[in-house]
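What follows is each chain in one-letter form.
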Amino acid sequence: MSEQFDAIIIGAGQSGPFLAARLAGTGLKTALIEREHLGGTCVNDGCTPTKTLVASARAAWSARHAKDFGVVVKGPVTVDMKAVKARKDKVVGASVKSLTDWLGSLATLDYIKGSGSFVSPTEVSVNGRTLTAPQIFINTGAKASIPDWPGLDKVPYLTNTTMMDLDTLPSHLFIAGASYIGLEFAQMYARFGAKVTVIERGPRPAAREDEDISASIREIVEADGVTFLFNTNVQAVARAGNGVLLSLDTGGRLSSVEASHLLIALGRTPNSADLNLAAAGIETDKRGYIPVDDHLRTKVKGIWAMGDINGRGAFTHTSYNDFEIVADNVIDGGTRSIANRIPVYGLFIDPPLGRIGITEAEARKLGRKVLMGTMPMSRVSRAKERGETQGLMKVLVDAESEQVLGASILGIGGDEIVHSLLQLMAGGLSYKTMMHAVHIHPTVTELIPTLLADLKPLE
């Protein structure tokens, strides 16, 4: 016999728990199903732990460069990886406990640890139980994509998830993939003291970014001792003692590299395979994502898909925004949608990249008049004072409406500074609004009006 609920949520990432709390807070009997851990990738093996590790790596970098600032550190700087991991685990544990305690305090919320799958459009099976509800929400996220390299199934390898268990320093960390996850781990572990090699199938890192931003990212990460191998493919993998031996093809030139550890960072795969979506009448796209409309509704009435699983965003903040949109539509009777959501994300190397809107490459395809301004961080007083002049700032503006179309801020505080331009975009304001405001000196943001005053037509 089915157990009746008002709402069922499958997956407890960055949308599920908050929607569950909102629904339960209105008195609705709500089931939240999660097979592994509350908080999803972000809390357990994504944002929270990796940025905690980045902070430890930054501390090691600062200690090694103390003499540049007139500070004397006697003796070599070493890193205790067990202590680094313990600090990370403490931060993660506190976040998970806070979330667990909060959800446990909700009287009409039933948290079920298990793997949920559809029986029908209104029924979900979990742990031998069958739950039914008129509203079902999917928030099962994504996992690391694993390639089909010959021999990979016979060697130990790491993903962003299993990296969280590492409490020793690799003698040679080999990273497959020079996108955001790969770049963050590459710089982080190089700063911890490991030898790091990154291979990339394409010609440059962070290929989604403009070429000048990509080139600057490469310079920043290489300055920490990371070695890149571009236009390179893995042909096969084999054991080599306690490590791995990788056979590589770089433009037809064959070579091999031995490493103590291999990290796979080649993108993400949606967690849709185990949901038995066919029983609910839902089809995925060719990559496994669940198609949704701008209100996050699937084609089946009464079923929504939020977060990474819907392919409409791949970040914690987009997943949380999905929750806000669904809650507004389902609970508050509103009409919010993702139709006008501005793309925004960060790359948390040090210094970080803050990105909003479109790139220069995308702007060139618009077929309308666009203005662009760029400025190297070496012109920014705050960067000079901090001794960190790597990176650049770039802003794109519509010549007729004067509205900001996009920006890339790669440099100290770039992940925070870019939000000042995001607010202009969200408000539909002219870029001159920011030029006419008075900003604090000395900051990085105060130089953005100077950059905007030197906009030039994009050829």
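Our subject is the structure that appears above.
Keep in mind that this is a model prediction, so the values were computed, not measured. (Residues numbered from 1 in each chain as written. Predicted model: local features only at pLDDT ≥ 70, side-chain atom pairs only at ≥ 80, totals over all residues. Heavy atoms only, no water.)

A look at the overall build of the chain
Then, number 1: When you go through the chain residue by residue, the secondary structure sums to 12 helices and 24 strands.
Then, number 2: Expected size for 459 residues packed as a compact globule is a radius of gyration near 23 Å; at 24 Å, the chain falls within 12% of this value.
Then, number 3: Looking at the chain as a whole, 51% of its 459 residues are labelled buried.
Then, number 4: Residue pairs at least 24 apart in sequence account for 64% of intrachain contacts in the chain once pairs closer than 6 positions are excluded.
Then, number 5: If the 47 positive side-chain charges of the chain are averaged to one point and the 49 negative ones to another, these points end up 2 Å apart. (Helix = DSSP H or I, 4+ residues; strand = E, 2+ residues; numbered from the N terminus. Rg over C-alpha atoms; globule rule 2.2 N^0.38 Å. Buried < 20%, exposed > 50% of the residue type's maximum accessible area, 1.4 Å probe, protein only. Contact = heavy atoms within 4.5 Å. Lys, Arg positive; Asp, Glu negative; His and termini not counted. Charge placed at Lys NZ, Arg CZ, Asp CG, Glu CD.)

Thoughts on the pairing of strand 2 (residues 7–10)
Along any regular strand, the residues point their side chains to alternate faces of the sheet.
Then, number 1: Judged by which residues are buried, strand 2 turns out to be covered on both faces: Ala7 and Ile9 on one side and Ile8 and Ile10 on the other are all buried.
Then, number 2: The parallel pair strand 2 and strand 3 (residues 30–34), bridged by helix 1 (residues 16–25), forms a crossover whose chirality is right-handed.
Then, number 3: The pairing of strand 2 with strand 8 (residues 136–138) spans 3 bridges and is classified as parallel. Counterpart to Ile10 in the pairing with strand 8 is Ile138. (Right-handed = clockwise from strand over helix to strand, strands pointing away. Pairing = 2+ DSSP bridges.)

Structural notes on the side chain of Thr443
Then, number 1: Structurally, the position occupied by Thr443 is in the loop between helix 11 (432–435) and helix 12 (448–452).
Then, number 2: On the accessibility criterion, Thr443 (18% relative accessible area) is buried.
Then, number 3: A distance of 2.7 Å separates a polar atom in the side chain of Thr443 from the backbone oxygen of Ile440.
Then, number 4: Here Thr443 is in contact with Val380 and Arg382, once residues within four sequence places are set aside. (Polar contact = N/O pair within 3.5 Å; in protein donor to acceptor, adjacent residues only side chain to side chain.)

With respect to the sheet that holds strand 1 (residues 3–4)
Two orientations exist for strands paired in a sheet by backbone hydrogen bonds: parallel and antiparallel.
Then, number 1: Strand order in this open sheet of 4 strands is 1-7-6-5, and the pairing throughout is mixed. At either end of the open sheet lies a strand with only one pairing partner, and these are strand 1 and strand 5 (117–120).
Then, number 2: Where strand 1 and strand 7 (residues 129–132) come together, 2 bridges link them in parallel fashion. By the bridge assignment, Gln4 is partnered in strand 7 with Thr132.

Some points on a nonpolar patch on the surface
Then, number 1: On the surface, Phe69, Val71 and Val73 cluster together to form a nonpolar patch covering roughly 260 Å² of accessible area.
Then, number 2: As for its position among the elements, Val71 is in the loop between helix 3 (47–64) and helix 4 (81–104).
Then, number 3: In this structure Val71 comes out as partly exposed when scored by relative accessible area, which is 44%. (Patch = residues over 30% accessible without salt bridge, like charges linked within 9 Å, V, L, I, M, F, W, Y side chains within 5 Å. Areas by Shrake-Rupley, 256 points an atom, 1.4 Å probe, with all protein chains shown as cover. Salt bridge = Lys/Arg side-chain N within 4 Å of Asp/Glu carboxyl O.)

The quantities given are spatial measurements derived from coordinates; they are silent on function.
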